[in-house]
Amino acid sequence: LALLGSHLRLYQIHSATLESGILTDEAALSELRKFKEERGARLGLSLSGVKQADTLRVAMAVPLAAGGDPANGRLFDCVQATWNLLEQSVGEALSEARAAGMDVIIKE
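Residues numbered from 1 in each chain as written. Predicted model: local features only at pLDDT ≥ 70, side-chain atom pairs only at ≥ 80, totals over all residues. Heavy atoms only, no water.

Colleague: Help me understand helix α1 (residues 26–39) in this model?
Modeller: Along an α-helix, a turn takes 3.6 residues, which lines up residues three or four apart on a common side. Relative to the 20 Å expected for 14 residues at 1.5 Å per residue, α1 spans 20 Å between its end C-alpha atoms, a close match to the ideal helical length. Listed as buried for α1 are Leu 29, Leu 32, Arg 33, Phe 35 and Lys 36. Projected onto a plane normal to the axis of α1, the buried residues spread over an arc of 160 degrees and lie on a single side. For α1, the exposed residues lying more than 90 degrees away from the buried face are Ala 27, Glu 37 and Glu 38. Just downstream of α1, Gly 40 is the residue with a positive phi angle, here 75 degrees. (Helix = DSSP H or I, 4+ residues; strand = E, 2+ residues; numbered from the N terminus. Expected span 1.5 Å × (residues − 1). Buried < 20%, exposed > 50% of the residue type's maximum accessible area, 1.4 Å probe, protein only. Arc of directions from axis to C-beta.)

Following this line, the structure appears as structure tokens:
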């Protein structure tokens, strides 16, 4: 990370799922909060699996401050999800994320 210096703008957790437990692992979330604060980088996550919408909604509820209220700031700033002509189940959740101020990246 030192080599990237100020060039690192977005750090993403890839293939986050409810089953992976990353969104409820307080030790991991604490390190992500620390990283975000110290580096000034934005945090994102990419989604995979059939429960993308559920995973995104859980991610949107993770507060910036431990024990805080997501309405006062969310940990995640960006989401990358699968959405295409055949797979659109996450569409409504992506709209919610965008309305909440998150950036949305579409992958196929």
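Colleague: Please explain the packing of helix α2 (residues 52–60) against helix α3 (residues 91–99) as it appears in this structure.
Modeller: Helix packing for two helices is described by the angle between their axes and how far apart those axes are. For the pair α2 and α3, the least separation of the axes is 8 Å and the interaxial angle reads 20 degrees. By the criterion of interaxial angle, the relationship of α2 to α3 is roughly parallel. With respect to the hand of their crossing, α2 and α3 are arranged in left-handed fashion. Together, Ala 53, Leu 56, Arg 57 and Met 60 of α2 and Glu 92, Ala 93, Leu 94, Glu 96 and Ala 97 of α3 make up the contact between the two elements. Of the residues belonging to the contact of α2 with α3, the class tally is six nonpolar, no polar and three charged. (Axes fitted to C-alpha atoms, helices over the stretch in contact; angles between N-to-C directions. Parallel < 35°, antiparallel > 145°, perpendicular 65-115°, else oblique. Left-handed = near helix turned anticlockwise from the far one by under 90°. Contact = heavy atoms within 4.5 Å. Nonpolar A, V, L, I, M, F, W, Y, C, P; charged D, E, K, R; others polar.)

Colleague: Can you help me understand the pairing of strand β4 (residues 103–107) in this one?
Modeller: Consecutive side chains along a regular strand alternate between the two faces of the sheet. Bridge count for strand β3 (residues 78–82) against β4 is five bridges, and the pairing is parallel. Each bridged residue has a counterpart across the sheet, and for Thr 82 the counterpart in β4 is Lys 107. (Pairing = 2+ DSSP bridges.)

Colleague: Would you mind showing me how to read the side chain of Ser 46 here?
Modeller: Along the chain, Ser 46 falls in strand β2 (residues 42–47). Within the structure, Ser 46 has its side chain in polar contact with the side chain of His 14 (distance 3.1 Å). In this view, Ser 46 contacts Gln 12, Ile 13, His 14, Ser 15, Ala 16 and Gln 80; residues no more than four positions away in its chain are not counted. (Polar contact = N/O pair within 3.5 Å; in protein donor to acceptor, adjacent residues only side chain to side chain.)

Colleague: Explain the nonpolar core here, please?
Modeller: Side chains of a nonpolar character, in soluble globular proteins, are inclined to be buried together. Leu 32, Leu 45, Leu 56, Leu 75, Phe 76, Val 79 and Met 102 are the most contacted members of the largest nonpolar core, which totals 25 residues. When residues of this core are traced back to their parent elements, those giving at least two are β1 (10–16), α1, β2, α2, β3 and α3. With four residues, the single largest contributor to this core is α2. Apart from residues no more than four positions distant in its own chain, Phe 76 is found in contact with Ile 13, Leu 23, Leu 32, Leu 43, Gly 44, Leu 45, Ala 59, Val 62 and Met 102. (Core = buried A, V, L, I, M, F, W, Y, C linked by side-chain atoms within 4.5 Å.)

Colleague: Quick question: what am I supposed to make of the sheet that holds β2 here?
Modeller: By definition, the strands of a sheet pair up through backbone hydrogen bonds, in either a parallel or an antiparallel sense. Strand order in the open sheet formed by four strands is β1-β2-β3-β4, and the pairing between neighbours is parallel. Where the open sheet ends on each side, the last strands, each with one partner, are β1 and β4. Between one strand and the next, the sheet's axes are offset by a mean angle of 20 degrees, whatever the strand orientation. In the sheet, β1 pairs with β2 via five bridges, with the strands oriented parallel. Opposite Leu 10, over in β2, you have Arg 42 as the bridge partner. Relative to the sheet, α2 contacts β1, β2 and β3, its axis offset from that of β2 by approximately 160 degrees.

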